[in-house]
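# Commentary on secondary and tertiary structure
Below, each chain spelled out in residue letters.
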Amino acid sequence: AFFWLVSLLLASLIWFVSVHLSDREDAKLQYGLLVFGAAVSVLLQEAFRFAYFKLLKKADEGLATISEDGRSPISLRQMAYVSGLSFGIISGVFSVINILADSIGPGIVGIHGDSPYYFITSAFLTMALVLLHTFWGVIFFDACEKRRYWCLGLVVASHLLTSGLTFLNPWYEASLVPIFIITLCTGLWAFFTAGGSFRNILKCLSCKQEDDSRVMMYSALQVPFED
């Protein structure tokens, strides 16, 4: 979450400086700078996600050297999930906190002809972003570990596309539906990246446990205690 906050701070600073150095009376220019700020924010988030991966990789190597069996107590997939979830939660908090503050009044949504579904669509959009950051974290860490640069490119491209679709609001049908399609596809991608399969899904849905036919052998011999 700290890495995401730093990336947001840098992106906000870049946008703030660019706005003050430009003509504030030009509406098209200001809109273009807003789009530019969103793109810079996405690129900085992914850059800091990579920096966080490198940091966790170093920490993982350090934990492996001091452990008794020479292995880290936490796997890369667990670190990827936790990293993505933390990115998603802090992103969702910052996305919805101002909306929740405005929801208590005194204004009324839709009183001037705007969409009355502003709050509910914002909630669904925030949920999609939290899930997407979690999925992106799993895919991103796996791609960095296996040096699959095309996967990294797809993660960054889907993040840019998702952020770009939000500029279609308040045309919610054109933004929310594609974002949830991206969320579903990315979730399936992250599921298979983490080692999932259709067989696991069917076993989960059937709620059946496989019979364990293995025979456990116990030895009466014991290792003598050292004096």
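Sequence positions are assigned chain by chain, starting from 1 and proceeding in written order. In keeping with the predicted nature of the model, local features appear solely for residues at pLDDT of at least 70, side-chain atom pairs appear and are counted solely at 80 or more, and the whole-chain, interface and lining totals rest on all residues. Just so you know, side-chain values use all the structure's heavy atoms and leave hydrogens and water out.

For helices the rule is a DSSP run of H or I covering at least 4 residues; for strands it is a run of E covering at least 2, with both sets numbered from the N terminus onward. Helix span is expected to be 1.5 Å times the residue number reduced by one. In a regular helix each residue adds 1.5 Å, so 29 residues correspond to 42 Å; helix H4 (residues 118-146) covers 41 Å between its end C-alpha atoms and thus fits that length. Following H4 by one or two positions, Arg147 has its phi on the positive side, about 60°.

Moving on, we come to the confidence of the model for the chain. In predicted models, pLDDT denotes the confidence assigned by the predictor to each residue on a 0 to 100 scale. When pLDDT is averaged across the chain, the result is 82; 84% of the residues are at 70 or more. The least confident element of the chain, judged by mean pLDDT, is helix H7 (residues 198-206) at 76; the most confident is helix H5 (residues 149-165) at 93. Contacts for the low-pLDDT stretch residues 215-223, under 50 throughout, to residues beyond four places or in other chains number zero contacts. Whether two residues are in contact is decided by their heavy atoms, any of which lying within 4.5 Å being enough.

Along the chain, the position of Gln45 falls in helix H2 (residues 27-66). Within the structure, Gln45 has its side chain in polar contact with the side chain of Trp4 (distance 3.0 Å). Excluding its chain neighbours within four sequence positions, the residues that come into contact with Gln45 are Trp4, Ser7, Phe87, His133 and His159. Polar contacts, as counted here, are pairs of nitrogen or oxygen atoms within 3.5 Å of one another; within protein the pair requires one atom able to donate a hydrogen and one able to accept it, and residues that are adjacent in sequence qualify only if both atoms are side-chain atoms.

Let us look at unusual backbone geometry. Here Asn169 and Pro170 are connected by a cis peptide whose omega angle stands at 10°. Inspection of the secondary structure assignment puts Pro170 in the loop between H5 and helix H6 (172-193). Here the phi dihedral of Arg147 falls at roughly 60°; this positive angle occurs in a residue that is not glycine. Mapping Arg147 onto the fold places it in the loop between H4 and H5.

On to the pattern of salt bridges. A carboxyl oxygen of Asp or Glu within 4 Å of a side-chain nitrogen of Lys or Arg is what we treat as a salt bridge. A complete count under the given rule lists four salt bridges for this structure. Between Lys146 and Asp142 there is a salt bridge whose closest N-O contact spans 3.4 Å. Here Lys146 and its partner Asp142 are both found in helix H4, four residues apart, which amounts to about one turn of the helix. To sort residues, take the accessible area from a 1.4 Å probe on protein chains only and compare it with the maximum for the residue type: under 20% means buried, over 50% means exposed, and anything in between is partly exposed. For Lys146, a relative accessible area of 44% puts it in the partly exposed group. Each of the salt bridges in this network shares a partner with another, and the network as a whole consists of Asp142, Lys146 and Arg148.

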